Amino acid sequence: VTEDRQRYVLGDTAMQKMAQSHVFLSGMGGLGVEIAKNIVLAGIKALTIHDTKQCKTWDLGTNFFVREDDVLNLRNRGEASLHHIAELNPYVQVMSSTTPLNEVTDISFLRQYQCVIVTEMKLSLQKKINDFCRAQHPPIKFISADVYGIWARLFCDFGDEFEVLDTTGEEPKEIFISNISQSNPGIVTCLDNNPHKLETGQFVTFREVNGMQCLNGSTHQITVVSPYSFSIGNTVDMEPYLHGGIAIQIKTPKIFHFQQLEKQLINPTCLVADFSKPEAPLQIHIAMLALNQFQESFARMPTIGCLQDAEEMLKMAVSISKTLEGKPQVNEDTVKWLSRMAQGSLAPLTAALGGVASQEVLKAVTGKFSPLQQWLYTDAFELVTFLEKVSHEEFLPRGDRYDALRACIGDSLCQKLHRLNVFLVGCGAIGCEMLKNFALLGVGTGRERGMVTITDPDLIEKSNLNRQFLFRPHHIQKPKSCTAATATRNINPQIKIDPYLNKVCPATENVYNDDFYTAQDVVVTALDNVEARRYIDSRCLASLRPLLDSGTMGTKGHTEVIVPHLTESYNSHRDPPEEEIPFCTLKSFPAATEHTIQWARDKFESAFSHKPSLFNKFWQTYPSAEEVLQRIKSGESLEGSFQVIKCLSRRPRSWPQCVELARLKFEKYFNHKALQLLHSFPIDTRLKDGSLFWQSPKRPPFPIQFDINDPLHYSFILSTAKLFAVIYCIPFTEKVSLQLEGVEFVVQTDETVRKPDPIPISSEDERNAVLQLETAILANEATKNDLQMKELAFEKDDDSNGHIDFITAASNLRAKMYNIEPADRLKTKRIAGKIIPAIATSTAAVSGLVALELIKIVGGYPFQAYKNCFFNLAIPIIVFTETAEVRKTEIRNGISFTIWDRWTIYGKDDFTLLDFINAVKEKYGIEPTMVVQGVKMLYVPVMPGHVKRLKLTMQKLVKPAANKRYVDLTVSFAPETDGEEDLPGPPVRYYFAHENN
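Here is what the cut-offs are and how they apply
- Residues numbered from 1 in each chain as written.
- Predicted model: local features only at pLDDT ≥ 70, side-chain atom pairs only at ≥ 80, totals over all residues.
- Heavy atoms only, no water.
- UniProt positions renumbered as here; feature names shortened; annotations may be inferred.
- Helix = DSSP H or I, 4+ residues; strand = E, 2+ residues; numbered from the N terminus.
- Rg over C-alpha atoms; globule rule 2.2 N^0.38 Å.
- Contact = heavy atoms within 4.5 Å.
- Areas by Shrake-Rupley, 256 points an atom, 1.4 Å probe, with all protein chains shown as cover.
- Lys, Arg positive; Asp, Glu negative; His and termini not counted.
- Charge placed at Lys NZ, Arg CZ, Asp CG, Glu CD.
- Salt bridge = Lys/Arg side-chain N within 4 Å of Asp/Glu carboxyl O.
- Buried < 20%, exposed > 50% of the residue type's maximum accessible area, 1.4 Å probe, protein only.
- Axes fitted to C-alpha atoms, helices over the stretch in contact; angles between N-to-C directions.
- Parallel < 35°, antiparallel > 145°, perpendicular 65-115°, else oblique.
- Left-handed = near helix turned anticlockwise from the far one by under 90°.
- Nonpolar A, V, L, I, M, F, W, Y, C, P; charged D, E, K, R; others polar.

- By the naming in an unreviewed UniProt entry, the protein chain goes by Ubiquitin-like modifier-activating enzyme 6 and is assigned to Podarcis muralis.
- As its UniProt record puts it under Catalytic activity (unreviewed entry), the protein chain is described as follows: "ATP + ubiquitin + [E1 ubiquitin-activating enzyme]-L-cysteine = AMP + diphosphate + S-ubiquitinyl-[E1 ubiquitin-activating enzyme]-L-cysteine."
- One UniProt comment on the protein chain, placed under Sequence similarities (unreviewed entry), says "Belongs to the ubiquitin-activating E1 family."

Encoded structure:
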């Protein structure tokens, strides 16, 4: 299932390399199966999963592909997972191996693989395999990953020299130039103070520079001078710069150097993920080495909660630290806790590390993006800091599927997770991953209490299958929420899930009302749509519910935890709005591919959606052509009638006429338009200051002569004619006959270029309309069928509908006309369809990180425990930060409030506005001077007549609907000194009568 959203992340070259790669993965615990899932979804050629352990009850809480009957039948973990993994992608060959791997095994069979990943493996064997992999030509890429309790470790070694063709995956930057100095070094300045976003050491090439022509096509290494300028070496002997020019970043390959595991154990290179504890990676490194030594010495893991084992491991850690470079300090807490819970496994942490590790596998086999150098250590230590007081019995196994989790967080927290009510909005890629985490954590499995409510209005599309891992080909066109619910019950039959097909928006407020939100313990969003997220945030704010938000874009991901009374809300920070393309740029002066694609998208909207819609609305208002004719003749002006009648009179009746119409459009858009612009502004036009009108970023258009043998011209005619055939309900063929040549156009003079204002309507227009309509009626071409058109709604995912074909052809013809780089169909589809690139690796990582915060919310952890995360797996960078603490707004006299506060006043039938003001003063110690309901001002003393309102009852002023128990009001208070702004207050919920609580 190759799918566009992943192609946008990796590109075709990387996808092809991936599809030729063989990967070996050892260890089918929670982490192994997570990595297997992600790389099979991504689409490697073949995967061998290796495992020598039998399924135990314990595995049900870590490996989401192990089922209860696998445990009963003592199946091997790899064999049990095999068909589930293979089912994820029919193009990937998945095999399993159960041969023991140890110090004496002949490992030469590994030569057939490009990448080897080991999990749950002794360190001595890891070293042996790593040395073998390095010795091959080319070296086999080696990755080792493990999760012990609440600690995770990842190691990569891709050989001495590993070449990466594209280190970031970002589009090469294009920079419009306003000046280049004649100096040493020459300084290039960006147009309109747009930042170039380049880095020193990168390379650029130039095109379309006027004056300093010798720069065009040449390559230069740059040094950043400021955000808006950079230097390029000596330009003294070049011709002086005149105008124009674009600098284009050139991607250059980069070589990465790795050390073998043996050396890296003594002097590790670590990626620091949490800058609040930069010493943590090295401390975890020592603790894990001590754990590995414990395993080698005693041929077992430390016993859960055993203090003797912890002491033993601590001694080992102290002696190990002396052998390391710089003799780093041992963190006793880390070592002891690691010993206590090393046997445990925290599913969300496994998902997070699995996502990161899988991206490293894809880097290893494609050479795309910067690999990890060389260790990543991450932890959920905040979970433990607040578990100090919990007795050690809490962590001991009880023989059920939650033992691995219990070892990490204790039984009380497990029980709280079972009793949790969660509302998950969205069952796409992140939603599927989130449900897997819920199932492994036992969320919503409690007997008395606990429920996962999910909603998603969408049906499953083929294109979803490569990252929405709960869905299979036979689920296509079934509802996402119901299918996901069934698949989640397969992972954990005890989970209670209630699936819905609703959109969460103001229209469904009767379903998801205040009582619904109040019944939820936490709300989790898994949505692309920012507006929907803002709306859900406002509902969580009103009902004082925690919200977990996350999102991904390609290899980037972020998570945000919002906790009542502790943090700011999602709406507290606004993302900068998307920059709109100015109208004149779209209409006449495009400078970039994005402009021509947006223009084509607008043309689609206007010709195939907007016009048919106006046409249909008009004829629904005036049902017969005869009646319209009479009314126009009698001097009535009917809105939109002239355009509609013109449309009717030109209505094509056959496929050849649709082709003819498309040919006229070609001439209008790509020839006529250029001639008209050049007539109004000839090439040598100068502005008042003497500079050229047509200079960068303004590009002059060149009229295109139609040529039926040009594939692009043909494609435009065919796709446009097809869409006309669809809106006019005419059967079409693929044949475009050659009767198209002689379409003559006259360039209009200046007077007629500017369209006349729609009002006043000339009698000429009226005469034309009457004539056209009479002709149509006489020809029997104004029948009921003629008075309707089919409106098209733009749909990017159906390749057979021709929408993207039209936009690609129209956009590329316009690009040609303005000498702009054309875009292929894939890029056009991404921009026109506003598609967000996506890949399973970052989706898995994000949902794991969210589930970690969920555990903290359930445990009622304090502010310091919560972490937001931002990552970009391509670079790779992972940054954990503290959440934003909620701001307090002071009113005065020590009275303050936050966004989470809501004051409440209970009234009765005859309660007046004055009673309300006094009640606020009495209860909260400050008197409101203004009362507002939404946009309606109930009481503003300076407004005429408002003082009289004090005597009116609240019922009369607010006029509530019959079933409304309360109203939310905004109050403000007099400033301390006159002439200043009023002081805002929190929302006040006024109940019309006492609640019977």
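From this point, the narrative continues.
Side note on the overall build of the protein chain
Line of reasoning, step 1. Each helix and strand counted, the protein chain has 30 helices and 32 strands in total.
Line of reasoning, step 2. Here the protein chain has a C-alpha radius of gyration of 34 Å; the compact-globule value for 997 residues is 30 Å, and the two agree.
Line of reasoning, step 3. Taken over the C-alpha atoms alone, the protein chain extends approximately 100 × 85 × 65 Å along its principal axes.
Line of reasoning, step 4. Partitioning the intrachain contacts of the protein chain with sequence separation of at least 6 by distance along the chain shows that 72% fall at a separation of at least 24.
Line of reasoning, step 5. Carbon and sulfur atoms form 53% of the exposed surface of the protein chain, whose accessible area is close to 44,900 Å².
Line of reasoning, step 6. In the protein chain, 107 side chains carry a positive charge and 118 a negative one; their mean positions are 2 Å apart.

So, the pattern of salt bridges
Line of reasoning, step 1. The final tally for this structure, using the stated rule, is 60 salt bridges.
Line of reasoning, step 2. Here E927 ties to K921 by a salt bridge, and the two come within 3.6 Å at their closest N and O atoms.
Line of reasoning, step 3. On the accessibility criterion, E927 (40% relative accessible area) is partly exposed.
Line of reasoning, step 4. A single network of salt bridges, built from pairs that share partners, joins D51, K53, D59, R77 and E120.

Some points on the packing of helix 22 (residues 655-680) against helix 23 (residues 711-727)
Line of reasoning, step 1. Between helix 22 and helix 23, the shortest axis-to-axis distance is 8 Å and the interhelical angle comes to 125°. Taken together, the axes of helix 22 and helix 23 are oblique relative to one another. Crossing hand, helix 22 versus helix 23: right-handed. Counted together, W655, C658, V659, L661, A662, R663, K665, F666, Y669 and F670 of helix 22 and H713, F716, I717, L718, T720, A721, K722, F724 and A725 of helix 23 form the full contact between these two elements.
Line of reasoning, step 2. Class assignment for the residues of the contact of helix 22 with helix 23 results in 14 nonpolar, two polar and three charged.

Focus: the UniProt feature "domain: Ubiquitin-activating enzyme E1 C-terminal" (unreviewed entry) in the protein chain
Line of reasoning, step 1. When the UniProt feature table is mapped onto this chain numbering, "domain: Ubiquitin-activating enzyme E1 C-terminal" (unreviewed entry) sits at residues 866-988.
Line of reasoning, step 2. Within the segment residues 866-988, helix and strand shares are 14% and 38% respectively, and the terminal C-alpha atoms sit 29 Å apart.

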